[in-house]
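Inside the fold
Each chain, written out:
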Amino acid sequence: MKLALILLFVFLRLVSGFLSEVIKSTSTSEAFERSSLKMKDLSIFDEEAYEADRLSKDQKAMDEMKEKSEAEFASLRTPWKWIIRKRIWDMMEEKNIARFPRPVHHRIPNFVGAEAAANRLSSLKEFEMAKCVKVNPDTPQRPVRHAVLESGKTLLTPQPRLRTGFFSTLQIESVKSKDSNIRVKDCTNSKGVVKFGTPITLNDECTVDLVVVGSTAVCPNTGARVGKGEGFAELEWGILSLQGNLDAETTLVVTTVHDEQVVSDIPPGKLTKHDVPVDIIVTPTRVIRVPNRAPKPSGVFWDLLSPQKLAQIRVLRQLKKEIEEKDNILLPSGPDETLPPTASRGKSDKKNKMENLGGKATVASIPGESQVEMHPLTMMENNDSKCNQKQVND
């Protein structure tokens with residue numbers, strides 16, 4: 001009996017081993033067949049069809065991104081401008097021609113060669129003849145503000161976003177008369193304007209001889225410009241022309257930009273009636289005198305000012321109230337609007353500055369606006385101003 005059991009056990013082991021070998025052989029054969037089929041597929045790979053399919057999918061993805069981008073801008077008043085802005089901002093970062101503060105998105109972009117452009121501007125006869133020059137407060141025009149003060153002219157510069165006041169004037173001779181240790185460059189940023197400038201009000205008399213604006217993109221044929229999307233250059237022009245501080249017909253407008261910001265695809269005839277074109281474009285390498293400048297506006301277009309924008313700017317609310325009370329009229333209001341995104345300021349800018357010491361910035365978020373801080377301003381008197389200030393009669 002024991003012998004029979006032993007023989008049965010041996011027989012079962014032999015059968016089990018045989019079946020295992022059969023299964024293994026079958027698996028190897030199937031794997032070989034699959035491998036052979038794969039090799040066969042590779043041998044008939046259609047490169048043209050693959051490339052066509054890849055390009056088609058890439059194009060579909062790009063179209064979807066473009067559609068999404070355009071949908072985001074569609075709620076804004078002039079979506080075509082935002083397409084140009086984004087292209088220029090992206091290009092300046094990609095080509096590394098942007099300078100601190102970075103990323104340049106939602107700013108008047110600072111650029112490599114800003115000092116060279118300012119030097120070229122300061123050699124223009126129109127600049128030499130001007131006594132009072134209005135310059136925007138953004139970083140790329142800081143060298144222009146330096147040139148204005150260094151030339152002994154009066155610098156007129158707006159309070160950031162017009163939210164804390166109107167304009168301030170600076171004269172280096174007047175500043176140095178109080179402290180000879182003050183340098184020109186100490187007066188060219190927002191802190192210097194607050195510390196050494198003289199705030200003026202809506203009704204102070206001031207004659208502007210030349211206006212310098214920043215741009216994101218500008219057309220060399222019509223002078224049409226695209227800013228950062230908040231419309232403050234136009235509002236400042238409108239208020240100054242309405243108050244008689246500048247002549248909209250004869251006062252020249254100049255912008256300093258990088259050569260890559262001079263573009264030809266700003267659509268003619270699409271500017272809104274309040275947009276201010278430029279007469280002269282100055283880059284680090286050339287001066288462009290615009291041959292077919294678009295008409296310049298005059299005054300404030302209240303019918304374009306949305307309640308949202310009016311709520312942002314105290315000086316505009318003051319001006320509107322003064323006109324309505326003086327003329328006994330009710331001025332129109334513009335339609336509601338979605339205000340464009342703005343760049344943030346603060347710690348992120350300091351971090352970006354440190355990153356830029358070594359080269360190109362990393363675009364991680366959308367920080368912001370030019371290197372200007374907002375400060376509450378107190379009104380000061382300065383009888384030395386060449387802009388002939390006059391005390392407001394309350």
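On a predicted model such as this, the values are computed, not experimentally measured, just so you know.

Rules used in this analysis
- Residues numbered from 1 in each chain as written.
- Predicted model: local features only at pLDDT ≥ 70, side-chain atom pairs only at ≥ 80, totals over all residues.
- Heavy atoms only, no water.
- Salt bridge = Lys/Arg side-chain N within 4 Å of Asp/Glu carboxyl O.
- Helix = DSSP H or I, 4+ residues; strand = E, 2+ residues; numbered from the N terminus.
- Buried < 20%, exposed > 50% of the residue type's maximum accessible area, 1.4 Å probe, protein only.
- Phe/Tyr/Trp six-rings, centres within 6.5 Å; stacked < 30°, edge-to-face > 60°.
- Lys NZ or Arg CZ within 6 Å of the ring centre and 35° of its normal.
- pLDDT = per-residue confidence, 0-100.
- Contact = heavy atoms within 4.5 Å.
- Pairing = 2+ DSSP bridges.
- Axes fitted to C-alpha atoms, helices over the stretch in contact; angles between N-to-C directions.
- Expected span 1.5 Å × (residues − 1).

Across all of its chains, the model carries 15 salt bridges by this definition. Here Lys134 makes a salt bridge to Glu236, at a shortest N to O gap of 3.0 Å. One end of the pair, Lys134, is in strand E1 (residues 132–135); the other, Glu236, is in helix H9 (residues 232–242), and 102 residues separate them in sequence. Residues Lys134 and Glu236 agree in their burial class; the two are buried.

Next up on the list: the packing of aromatic side chains. If you walk through the whole model with that rule in mind, you get two aromatic pairs. Taking the centre distance of 6.0 Å and the plane angle of 70° together, the rings of Trp82 and Trp89 count as edge-to-face. For the pair Trp82 and Trp89, one class covers both residues: buried. Note on Phe166 and Phe167: the rings are 4.5 Å apart at their centroids and 85° apart in plane angle, and the pair reads as edge-to-face. When sorted by exposure, Phe166 lands in the same class as Phe167, which is buried. Lys153 extends its terminal NZ or CZ atom over the ring of Phe127, reaching a point 5.1 Å from the ring centre. Here the basic side chain of Lys309 rests over the ring of Phe232, its NZ or CZ set 4.5 Å away from the ring centre.

Time to look at the confidence of the model for the chain. Low-pLDDT portions of the prediction should not be read for the details of their coordinates. Model confidence for the chain is summarised by a mean pLDDT of 80, while 69% of its residues fall at 70 or above. Predicted confidence is poor over residues 350–394, with pLDDT under 50, and the contacts of this stretch with residues over four places away or in other chains come to 113 contacts.

A few words now on the sheet that holds strand E8 (residues 252–256). Strand order in the open sheet made by the eight strands is E4-E3-E2-E1-E5-E8-E9-E10, with mixed pairing throughout. A single partner strand is all that each edge strand has here, and the edge strands are strand E4 (198–200) and strand E10 (287–289). The sheet shows a mean angle of 25° between the axes of neighbouring strands, direction not considered. Its contacts with the sheet place helix H6 (residues 142–150) against E1, strand E2 (154–158), strand E3 (167–170), strand E5 (210–213) and E8, and it is angled at close to 150° to E2.

What follows is about helix H3 (residues 79–94). The end-to-end C-alpha distance of H3 is 23 Å, a good match for the 22 Å that 16 residues give at a rise of 1.5 Å each. Inspection of H3 places Trp80, Lys81, Trp82, Ile84, Arg85, Ile88, Trp89, Met91, Met92 and Glu93 among the buried residues, and these make up the whole buried set. Asn96 sits one or two positions beyond H3 and adopts a positive phi of about 60°.

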